[in-house]
Amino acid sequence: MNFNWYALPALLNDDYRRGSYYRGRHSIHLIMRGSAIGLMIILLTLQLAFSSGARSQGILDQRVSIQVQQQPLEAIFNMLHEKTGVDIIYSSRIDLTKKATVFSKDEQLSSILQRLLYGTNLTYEAVGESIVIHKKSANPKTTIPQENSTNSAQLTIQGVIKDQLNNPLAGVSVQIVGTTRGTLTDANGQYTIKVEPTDSLKFSYIGYQTQTLPVKNRVDLNIIMEATEGSLNQVVVVGYGQQKKISMVGSQSSVNVEDLKLPEANLTNALAGRLAGVISVQRSGEPGASGADIWIRGISTFSSDLSKPLVLVDGVPRDFSTIDPEDIASFSILKDAAATAVYGVRGANGVILITTKGGKIGKPQINFRYNEGVTSFTKLPHFADGVTYMQMSNEARMERGSSPIYSDEAIQATKNQSDPDLYPDIDWFDVLFKRYGYTRNANLNLSGGSEGAQYYVGLSYYDETGLFRQDSLQKYNSQARYKRYNLTSNLTVHITNSTTMQLGVRGHLADMSYPGANVSGIFSDAFYSTPVIFPPMYSDGKTPNFASPYLQNPYAELTETGYDSRWESGLASNLSVTQNLDFWVKGLSITGKFAFDTYNLTNMLRTKTPDTYQAIGRDSAGNLIEQLTNPGQGNEYLSYSLSKTSTRTLYNEFSLNYRRSFGKNDITGMLLFNQSDELNTEASDLITSLPYRFRGLAGRAAYGYANKYFLEFDFGYNGSENFAPQNRYGFFPSIGASWVISEEKFFQSFQNAIQLFKLRFSYGIVGNSDISGRRFAYIATVANVGGYTFGQALENNYSGVDIGEYAVDVTWETAKKANLGLNIEALNGKINLQADVFNEHRSGIFLRRASLPQYIGVVNPPYGNVGIVDNHGIDGTVTWQGKIGKFNFQLIGNFTWARNKVIQDDKPPYKYPWMEHKGKKVGQEFGYIALGLFKDSSEILKSPTQNGDVRPGDLKFKDINGDGKIDAYDMVAIGHGDIPEIVYGLGFSLGYKAFKLSGLFQGVGNVDISLSGQGFQPFQQGLTSGNLLNNIKDRWTPDDPSTHPFYPRLSAGTVNDNYQPSTWWLKNGKYLRLKDIQISYNLPQSLLKHIHLQSANVFLEGVNILTFTPFELYDVELGDGRGAAYPNTKTYAAGFGFSF
Amino acid sequence: MRNLKYIILLGIAFAEFSCQKKFLSQVPNDKLTIDQVFQRKDLSEEYLAHVYSYIPVDVAYPLYDPWEGLSDEADIIFNRPGSNDYATYQMNLGEWSATSNYYNYWPSYYNAIRSASYFMAHIGENKQILALANGADLIKQYTAEARFCRAFYYFCLLKQYGPVILLPENPVAVDAQTDDPLLSLPRSPYDSCVDYIANQLDMAAEELPLNSSNQSELDYGRATKAACMAVKSRLLLYAASPQFNGNKDYAGFQNQDGTPLIDQQYDLNKWKRAADAAKAVIDLGLFSLYKENDAQGQFSPYLSCRDAMLKPWNNEWIFADNVPNAKSEIGLTPRSGGGYAADAPPQGMVDAFEMANGQRPITGYQSDGTPIVNPASGYSETGFTTFQAPGDPEARETYNMYVNREPRFYVDITYNNAIWINTTSSHGIITCHFNYSGESGAKGSFNYPASGYLWRKNVSPDSDPSVSKYVKRPYVMFRYAEILLNYVEALNEYDPGNSDINKYLNMIRERAGVPQYGTGPNALPVPGSQTAMRDAIHHERQVELCFEDKRYFDTRRWKIADQTDGGPFYGMDIDQDPPQFYKRKAFETRVFLKNYYLFPIPQSELDRDENLVQNPGW
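Residues numbered from 1 in each chain as written. Chains lettered and ligands numbered in written order. Predicted model: local features only at pLDDT ≥ 70, side-chain atom pairs only at ≥ 80, totals over all residues. Heavy atoms only, no water.

J.: How do you make sense of the overall build of chain A when you look at a structure like this?
T.: When helices and strands are tallied, chain A shows 11 helices and 57 strands. By the compact-globule yardstick of 32 Å for 1140 residues, chain A fits well, its C-alpha radius of gyration being 36 Å. When the backbone C-alpha atoms are referred to their principal axes, chain A occupies close to 115 × 75 × 70 Å. Of the contacts made within chain A by residues no fewer than 6 positions apart, 68% connect residues no fewer than 24 positions apart. Per element, the accessible surface of chain A, about 46300 Å² overall, is 54% carbon and sulfur. One way to put it: in chain A the 104 positive side-chain charges average out to a point 9 Å from where the 106 negative ones average out. (Helix = DSSP H or I, 4+ residues; strand = E, 2+ residues; numbered from the N terminus. Rg over C-alpha atoms; globule rule 2.2 N^0.38 Å. Contact = heavy atoms within 4.5 Å. Areas by Shrake-Rupley, 256 points an atom, 1.4 Å probe, with all protein chains shown as cover. Lys, Arg positive; Asp, Glu negative; His and termini not counted. Charge placed at Lys NZ, Arg CZ, Asp CG, Glu CD.)

J.: Explain the interface of chain B and chain A here, please?
T.: Buried accessible area, meaning the area lost when the parts come together, often serves as the stated size of an interface. On the chain A side, the residues contacting the 103 residues of chain B number 97 residues. Summing both partners gives a buried area of about 8400 Å² for chain B against chain A, and 59% of it is carried by carbon and sulfur. When the area that chain B buries against chain A is broken down by residue, the three leading residues are F23(B), L24(B) and Q26(B), summing to 9%. Our count for the contact surface shared by chain B and chain A stands at 1 salt bridge. Among the salt bridges present, the one from D575(B) reaches R397(A), with a minimum N-O distance of 2.4 Å. Joining chain B to chain A, the criterion identifies 30 residue pairs in polar contact (both at pLDDT 80 or more). Contributing elements (two or more residues each) for the side of chain B that touches chain A: helix 1 (3-18), helix 2 (34-37), helix 3 (41-52), helix 5 (106-122), strand 2 (317-321) and helix 20 (603-608) of chain B. The dominant element in the side of chain B that touches chain A, judged by the number of residues it contributes, is helix 1 of chain B, at 8 residues. Its residues placed into classes, the side of chain B that touches chain A shows 51 nonpolar, 28 polar and 24 charged. (Buried area = accessible area lost by both parts, 1.4 Å probe. Salt bridge = Lys/Arg side-chain N within 4 Å of Asp/Glu carboxyl O. Polar contact = N/O pair within 3.5 Å; in protein donor to acceptor, adjacent residues only side chain to side chain. Nonpolar A, V, L, I, M, F, W, Y, C, P; charged D, E, K, R; others polar.)

J.: Can you walk me through the packing of helix 16 (residues 499-512) of chain B against helix 17 (residues 530-544) of chain B in this structure?
T.: Packed helices, taken two at a time, are described by the angle their axes make and the gap between the axes. Residues and elements named next belong to chain B. At a minimum axis distance of 11 Å, the contact between helix 16 and helix 17 shows a crossing angle of 30°. The interaxial crossing formed by helix 16 with helix 17 has left-handed handedness. Contact residues: I501, N502, L505, I508, R509 and R511 in helix 16; M533, I537, E540 and E544 in helix 17. (Axes fitted to C-alpha atoms, helices over the stretch in contact; angles between N-to-C directions. Left-handed = near helix turned anticlockwise from the far one by under 90°.)

J.: Would you mind going over the pairing of strand 32 (residues 588-609) of chain A with me for this structure?
T.: All names here are of chain A. Two elements, strand 31 (residues 562-580) and strand 32, share 19 bridges in a ladder whose sense is antiparallel. Note that in strand 32 the partner of A572 across the bridge is D597. As judged from the 21 bridges shared by strand 32 and strand 35 (residues 635-662), these two strands associate in the antiparallel manner. Bridging from a neighbouring strand, A595 pairs with Y651 of strand 35. (Pairing = 2+ DSSP bridges.)

J.: How do you make sense of the nonpolar core when you look at a structure like this?
T.: Note that soluble globular proteins tend to have their nonpolar side chains buried in a common cluster. Of all hydrophobic cores here, the largest spans 139 residues; its most connected members are Y110(B) and F148(B). At 16 residues, the largest contribution of residues to this core is made by helix 7 (residues 135-161) of chain B. The residues touching F148(B), leaving out its near neighbours within four places in the chain, are L201(B), A204(B), A223(B), A227(B), C228(B), V231(B) and F319(B). Among the nonpolar cores identified, the runner-up in size contains 137 residues, and I533(A), A930(A), Y415(B) and A442(B) belong to it. (Core = buried A, V, L, I, M, F, W, Y, C linked by side-chain atoms within 4.5 Å. Buried < 20%, exposed > 50% of the residue type's maximum accessible area, 1.4 Å probe, protein only.)

J.: Please clarify how unusual backbone geometry should be interpreted in this entry.
T.: Most peptide bonds are trans, and most residues other than glycine sit at a negative phi. Along the chain, P578(B) connects to P579(B) via a cis peptide bond; the corresponding omega equals 5°. Its location among the elements puts P579(B) in the loop between strand 11 (567-572) and strand 12 (584-590).

J.: Before we go on, may I ask you to explain the sheet that holds strand 14 (residues 211-214) of chain A in this structure?
T.: Where strands meet in a sheet, backbone hydrogen bonds hold them as pairs that are either parallel or antiparallel. Residues and elements named next belong to chain A. As summarised here, the arrangement of the 4 strands in space is 11-10-13-14, forming an open sheet in which the pairing is antiparallel. Each edge of the sheet is formed by a strand with only one pairing partner; in this case those strands are strand 11 (182-184) and strand 14. Pairwise comparison of adjacent strand axes, ignoring direction, gives a mean angle of 20° for this sheet. As paired strands, strand 10 (residues 173-176) and strand 13 (residues 200-204) are joined by 4 bridges and run antiparallel to one another. Bridge pairing links I176 to L201 in strand 13.

J.: Please explain the sheet that holds strand 33 (residues 612-618) of chain A as it appears in this structure.
T.: Residues and elements named next belong to chain A. Spatial strand order, 30-33-34: 3 strands in an open sheet with mixed pairing. Where the open sheet ends on each side, the last strands, each with one partner, are strand 30 (543-544) and strand 34 (624-628). Two strands pair when backbone bridges link them, and strand 30 and strand 33 are joined in this way by 2 bridges, in the parallel orientation. The partner of T543 across the bridge, within strand 33, is T612.

J.: Just checking my understanding: could you explain the environment of F710(A) for this structure?
T.: Residues and elements named next belong to chain A. Position of F710 relative to the elements: it lies in strand 38 (residues 709-720). Since its relative accessible area comes to 6%, F710 is described here as buried. Sequence-wise, F710 and G401 are 309 residues apart; in three dimensions their C-alpha atoms are separated by 78 Å.

J.: Looking at this model, I keep getting lost on the packing of aromatic side chains. Mind explaining?
T.: Where two aromatic rings form a pair, the distance of their centres and the angle of their planes describe that pair. Inspection of every chain in the model, using the stated rule, returns 102 aromatic pairs over all chains. With centroids separated by 6.1 Å and ring planes inclined at 90°, the aromatic side chains of F1016(A) and F1046(A) adopt a geometry described as edge-to-face. Of this pair, F1016(A) sits in the loop between strand 53 (1008-1010) and strand 54 (1066-1068) while F1046(A) sits in the loop between strand 53 and strand 54, and the two are 30 residues apart along the sequence. Accessibility classification places F1016(A) together with F1046(A) in one group, the buried group. Taking the centre distance of 6.5 Å and the plane angle of 85° together, the rings of Y110(B) and Y154(B) count as edge-to-face. Pair noted here: Y110(B) is in helix 5 and Y154(B) is in helix 7, with a separation of 44 residues, a long-range link. As far as the burial class goes, Y110(B) and Y154(B) line up, both buried. Sitting over the face of the ring of Y692(A), R775(A) holds its NZ or CZ atom 3.4 Å from the ring centroid. The lysine or arginine in question, K1067(A), covers the ring of F1046(A), its NZ or CZ lying 4.7 Å from the ring centre. (Phe/Tyr/Trp six-rings, centres within 6.5 Å; stacked < 30°, edge-to-face > 60°. Lys NZ or Arg CZ within 6 Å of the ring centre and 35° of its normal.)

What follows is the structure in structure tokens.
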């Protein structure tokens, strides 16, 4: 029953608080300034009212003049309130729709009320400063106190207290603040207490957050208690539902969503190290393309791409990278079979569950948060200068018996920079990048609601600019930039007492711009272009490039190739209706859900190719003599092309839910049907034009006894379009059990130290039906393949057809997963531990049959359920929180280790056992074992023969098969690979008074980087192409025959096997990174009172600001290769947030 | 009970969605299937076109085939470690093993063979063709075309890998079980392969039109009887050659059951078979060497040799790759003409061209690579002369190495300061410079010729890569000149002294505009012995058929590749500008191992087929 009800956001500008006294009006105008291009202005006017203080007695005697004709009682009460300032309290259950007419002049309020209520079953009385309207019938809610006779009147407050799963909570303490008076809730969660209208009530219960609410103006107070973070009463999100943490049998991890609010565009980047079980790598920091790859418990199949987890946002499969973290209510991952079985054929790789925020009962709350930061690269490779490059080029030739390529005069001219056109000395990264970019991030949200309806509306803006330089003469902006607008709204309406409707609408718009040339191409070309090859631009304004039909001048690619604009929009909507069927079967409810999503990406390319020149000297007047180097290729004017990607998805779900407790027995049941239909609306062929469909049935039956023993059975029954009708549906069951040992009698002696000790075990089967690049595998295809031309004048053209894919009778992959878990809560919740050991056996993995010899002539060998991969590991989280005086702290440690092993890949046995991929990790790298460098020619003569020109200072490899020569048969498994096996995180949060310091160290281990590529390996492609890193000094030379320099003897071109994959080029890729650190200060309440804010804080934040790693060449997270990718960025940001 | 309303509504909705039984069976059943391909004429013809599509781009395109870059007639220094593009660079350095899979055509030709076999097995079902008046004949012809293609693909495998696996007539089932013997077939002995291919060609020939002149112009490029005979001529010539005819180096080359794969008995009769096969083509009387007159009406050897390659289906052509793919010209065009200027003939190839007087300029080399100049030739490696080369619009200062060479030199070689073949593009006359700072030199790009030369055979004077203008034309794969050279070579082995030898050899020389042996103006003496004649024939073949994917196989079947393809390779000094540029300099030292005579069978295939043996030395 509520007195104050709040308008929906759309009505914000109305006087939204009826029935209260307006002492004054304050308008707060919030203007957020946009970027330099004057981008975003949010203007919001809020009219806030503040209630008056004490009022004198005798309110009923006030005199009022009022004239109304045929208005509902409710409206008349409002008018009376406005005229008198007296609060008129009534329950929402009272029918005030009766219409009445009043004409009175200077009449007593009591008299008016009497007339108004005449003929109704209602009566009134004055309670304190207010007037309460209630029914005349028995058991009045308010009585004038007879006992404790003080002057003030008392209210009797009644209510029900429930937990987040809508279960009544017995034994909750209800206490009047400042007194010792209180009561407890009964078995149905009900309580009754007499209070003063000015009192506040405190509700507390072990494992739940204490709530304090002012009684004022209320006659009933129904409360939903929220469990404390980490407590076992906490309600956690599970597949298609919610559960109490204590009853979980499966393995689930959640992240504190506050920690996800980083100044980064892509939510995927915030996860590594925060969630036990997540393995993640971020391979690019390019604005708009910086998403991290995420795997839950590593990779259990042959393709890292097909190992991606299923992601559900608000229960529907969706992309989550564009969600603003501010809008997220919960973020969880499901790891084992018990947790994921309900997703059946799609659950094999784990599941990410995200729910967005909804409103909470209470007055409207507005939160605003803004931050602005500067970004810079974590680490760029450093190139050698021009003179060093030239000297090294000469050395590379002279070391192999050739003459130098650069004359002393040329080197001198480069050194002097006497003629930078002809003798340039360019650090390409210096030319391409500025030192700083910026990010800007604003979020405004509004939430609130009554018991009848709750709402949440969030609006956010994100803006990130890349670090490319702009040419001052450039006519348009080709800077890499990513801007995004998000709108999230969730509305819950209780249509009747037993019917609830939820509507969620989420949209985002992203505006991206890039240079006309591909960003990765610019990086490659910075590695291809030597520091002395040409300047970025000639002094006469012409564009340099050596003779080639392709532009390879990285600076010209950045500034002279036009621009690429992309516009992305996504809409995700879901509507669900839940009908409580308590009147039929207690504890039963039915839910129907419908979701509709669209996604569009429009890519507009306006590109050109400049005419390029090569300067070959100067004429007598000193002007450059230039040759056109791309005759016929340049087009100085922009050309236009357009491409689009677009999908729409429909999703339906119907479920029956049952939850009820009988004494100590808790029973839960769920049966759910769902299907989805995703259509690629820009499909280019028949097969991809058919909608991608899934359909399934999921079920859960759980039993709990005395919060001590839990048993759960889950299943998914799913169909996939990939399989023939007879194989189409699969049944994926799982079973799990948990035992809360700490509830046992024998454990009581430990109870002081350990409050909870729980063991979990689960075993089950989940599946995968995704075959990379192949749909409808049960149907053969005819492929359009190469044709032929006949005729003397080549006029008789035939396109070609042949069998494309053979029909195969395959079925889903099955992953058998076992999980053993442990939860410990010790020192009264100060220490929390969750740890899991898992084992997975994935069989029937789709692979093309590699055992078929090629001579049978099948172009695309058919798929079979032939692969087997095992995966096992551990993951865990430990939390320690505490308080020392005014100093409070929380430490969270996460650890994940996952290792996989190929058991069967259908490949025939290799010639030698060490070449075998079975028994190794998926994607294992193979290479030579480098024994070091050859010391002298006699060592070379004594050693097995190696390819090419081998001299002292070249790499010496191990002859594994002992045949006296080094070849591919001597390649063995080397290294851990570039996806880490270990990911860990250490989060900390330290609070002192109003200050808070928090952050996360994130680290990886068991990861290697295999270095390779032009521009890294010196002169790998000869002397006209390929940059050189500035660590080139660390190399073998005859004068300095160091035994383990970074580089072996130089060569011009790849003259031997030095640059083959080998342990020499394998570097440890482990790192520990200060992923995030934030210091914030909460403004004191005394100050906030004056500006009418509930809370406000200011903060400084840093992302990726420190990295500890033995790997020093480039950003270690980029992985294999040479670092030729837009590196991750570090960000320093400052911001503020407030709410009112 | 108003809640019941919702329950009923939800129930109805639930029922509706779950009743869509076709929800997951959405693939339309009128989607094209392979059975329908063989019910319709147009689709079957498209299938046959696909069978033809595996015909290799038999014009030197170093990205697609290694036959120039691995032989002594060219070098492509593009170096892309880790990639199979332009892998001849690594292969020439000896970085090559059975796992490298460089230019591994094993799978693609077997794909082609499967497609051909599948076609032959199913084309007879085509009711739409059978309903035509000439339907039965058409099916016979199409079957024979597929048979020709299949035989040709077997031959392509044979010349690259040696003895191959001969498959049954019908394709092996894709769902064959692992223990199916068809999945572990052994190789067939070389001679069995040759006999099988020859027999298939004979079978195909019976059902095919004689020659392009018996075909509709629209059908040029389809298999003919003459094409079958030309393939057979090359096949039998290769089979008679020392590499496969009693080669003792292959004594231990046998299957696991002991079956020898190369007959250890030298059989002179194989040369007779080869000579007969070539003579059979000659005796058809359909072909002659292409000749063309200049603007003045004079016979022009330069234009004749150049345009023999360029004029589609001229009277010298027997079979051609009929798909326009002139993109190879980009690698042969100087950079100022929009090309890559990367496909370089080494000095040895340049030296092979005779002087205009028919004398060879170089008779041999000292160990340091210094040439032994033939004093009778008039050849000089010093100084410049003002010289107008055949085909050039103007005279210019020309280094004496390139003065007064035979017409085929100017048809085939682009040397420093030469005029680019296309003189009519928007760029006008382009002068090619391969010296260090020249327009196509090493200074400005990784695209440059390592030897300081480009070849220009089969480059159209009208092509202009700078504007992506390529003259679309077929590429001749079998031409009459080759048949003549096949004939004289085989005959000289089988019946030395036979007058046909000199007669047909001189036909080539006469068209090339060089003095003939024993006849015509400035006649040269007829080579006096079988050995001398063999040398003359081999040399003629090197020059006449250069850059036509022949030299690689010739040096191997003659067993001379260890001399021609290993050791230092010379060119001009591309790190210098003139005059230092005009100095011979080794740009590369190649490794040639005995096993390189045949490509390795891919190791992965050996891993799959336990009865498959590797080629010797790999």
